[in-house]
Amino acid sequence: MPPAPVSPLITVVFRGTVLFVAWWALTLGESSGLAFGAVVSALVAVVSLRLFPASGFSVRPAGLMLFLGYFLSRSVVAGVDVARRLLSPALPVQPGEITLTLNLPEGSPRWLLANTLSLMPGTLSILLEGNRLTLHCLDIRDRVERDVRETERQVGRVFGLAVDDSAEAAR
Amino acid sequence: MTDPLMFVMQSVLLVLGCLFFAVGTLGLFRFSDTLTRIHALTKVDNLGLGFIVLALLPLAPSLAGGLKTLLIWAAALAASATSAHLIARAVHVRPEPPETGEADHD
């Protein structure tokens, strides 16, 4: 069930603020460009509402922080894991594909999950069709599904969603 | 900047970052199919760039400069995740022809 839509005004203000902070960083805080940046940020935020309408999912700051911590630590594991396999003379990989049924709702949560999984250890998103996600695994012998479910829980927390395992249990 | 401990830490992080980039590129040669190669390029390079960004952060001239450095990493991550997915999907839709034994040397 998608949550109640967020007011467009809140979405525009939020997106405009993020864009303006990005502008401020890109111009290194140059004061002569701030006014121009503010106007451009506001315009882009309004236009973005037509291209990507407000999804109704709002980002929870606490969930986002926890997710970033999880993401950073797993990124290190992912990089070291592939490097270890590559430097080992036997090249211990056994590539394969698995298809999973996702518990996350459609839209931003699924999109964030698919993109995150491409950077997580041993998985690469190939195809996202409805609630079916096909992954390429570096080593099919690993406990891939357990890792994916954990990532799914972390992504759910960003949007304040409690991820139930109903889809998993229904299979 | 004159702190020797900081200098040593930054040097170690920079070297680590470059080593990971080198290993990621090694993946292009050692792995034999497109999808496995993408694993090497996305994950190892992500970590390599992360180390380099971490090493450069203390050198940032201002808060905005530091944020800009972090934005570079975030943009590279988003680009690598997206392009990895697009290439993987393209390979999935139209599988590549089998390799002609050239990668079987090692």
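Every value quoted in this text rests on a predicted model; they were computed, and no experiment measured them.

### Focus on the UniProt feature "transmembrane region" (unreviewed entry) in chain A
Residues and elements named next belong to chain A.
Item 1. As annotated in UniProt, the feature "transmembrane region" (unreviewed entry) corresponds to residues 6-26, 33-52 and 64-83 in the numbering used here.
Item 2. Between the first and last C-alpha atoms of residues 33-52 the distance is 27 Å; the span itself is 90% helix and 0% strand.
Item 3. In this annotation, residues 64-83 is assigned 100% helix and 0% strand; the end-to-end C-alpha distance for the span is 28 Å.

### Structural notes on the interface of chain A and chain B
Item 1. Listed per partner, the contact involves 38 residues of chain A and 33 residues of chain B.
Item 2. Both faces considered, chain A and chain B share a buried interface measuring about 3000 Å² in area, 77% of it formed by carbon and sulfur atoms.
Item 3. The interface formed by chain A and chain B contains zero salt bridges.
Item 4. For the pair chain A and chain B, the interface holds eight residue pairs in polar contact (both at pLDDT 80 or more).
Item 5. Counting residues per element, the ones that place at least two in the side of chain A that touches chain B are α1 (8-26), α3 (61-87), β2 (123-129) and β3 (132-137) of chain A.
Item 6. When residues in the side of chain A that touches chain B are grouped by element, the largest group, 11 residues, is from α3(A).
Item 7. Split into classes, the residues belonging to the side of chain A that touches chain B amount to 27 nonpolar, 10 polar and one charged.

### Let's talk about the confidence of the model for chain A
Residue and element names in this part refer to chain A.
Item 1. For chain A, per-residue confidence averages 85 on the pLDDT scale, and 92% of positions sit at 70 or higher.
Item 2. Averaged over each element, pLDDT in chain A is lowest for helix α6 (residues 166-170) (47) and highest for helix α2 (residues 34-51) (91).
Item 3. In the model, residues 167-171 has pLDDT below 50 throughout and makes eight contacts with residues more than four positions away in sequence or in other chains.

### Some thoughts on the sheet that holds β3(A)
Item 1. Read across the open sheet, the three strands follow the order β1-β3-β2 (chain A); overall the sheet is antiparallel. The open sheet is flanked by β1 (96-101) and β2 of chain A, the only strands paired with a single partner. Neighbour-to-neighbour, the strand axes of the sheet open up by a mean angle of 25 degrees, direction not taken into account.
Item 2. Contacts from helix α2 (residues 34-56) of chain B reach β2 and β3 of chain A, with the element oriented near 115 degrees to β2(A).
Item 3. In the packing of helix α3 (residues 63-93) of chain B onto the sheet, contacts are made with β1 and β2 of chain A, and the angle to β2(A) comes to roughly 65 degrees.

### Describing the pairing of β3(A)
Residues and elements named next belong to chain A.
Item 1. With five of six residues buried, β3 is to be regarded as a mostly interior element.
Item 2. One ladder, built from six bridges, connects β1 with β3; its direction is antiparallel. Within β3, the residue paired with Gly96 across the bridge is Cys137.
Item 3. Summarising the sheet, β2 and β3 pair through six bridges and their orientation is antiparallel.

### Side note on the domain arrangement of chain A
Item 1. Domain parsing of chain A yields domain 1 (8-51) and domain 2 (61-170).
Item 2. Measuring from the centre of the C-alpha atoms in domain 1 of chain A to the corresponding centre in domain 2 of chain A gives 32 Å.

Cut-offs used in this document
Residues numbered from 1 in each chain as written. Chains lettered and ligands numbered in written order. Predicted model: local features only at pLDDT ≥ 70, side-chain atom pairs only at ≥ 80, totals over all residues. Heavy atoms only, no water. UniProt positions renumbered as here; feature names shortened; annotations may be inferred. Helix = DSSP H or I, 4+ residues; strand = E, 2+ residues; numbered from the N terminus. Contact = heavy atoms within 4.5 Å. Buried area = accessible area lost by both parts, 1.4 Å probe. Salt bridge = Lys/Arg side-chain N within 4 Å of Asp/Glu carboxyl O. Polar contact = N/O pair within 3.5 Å; in protein donor to acceptor, adjacent residues only side chain to side chain. Nonpolar A, V, L, I, M, F, W, Y, C, P; charged D, E, K, R; others polar. pLDDT = per-residue confidence, 0-100. Pairing = 2+ DSSP bridges. Axes fitted to C-alpha atoms, helices over the stretch in contact; angles between N-to-C directions. Buried < 20%, exposed > 50% of the residue type's maximum accessible area, 1.4 Å probe, protein only. Domains from an automatic or database assignment.

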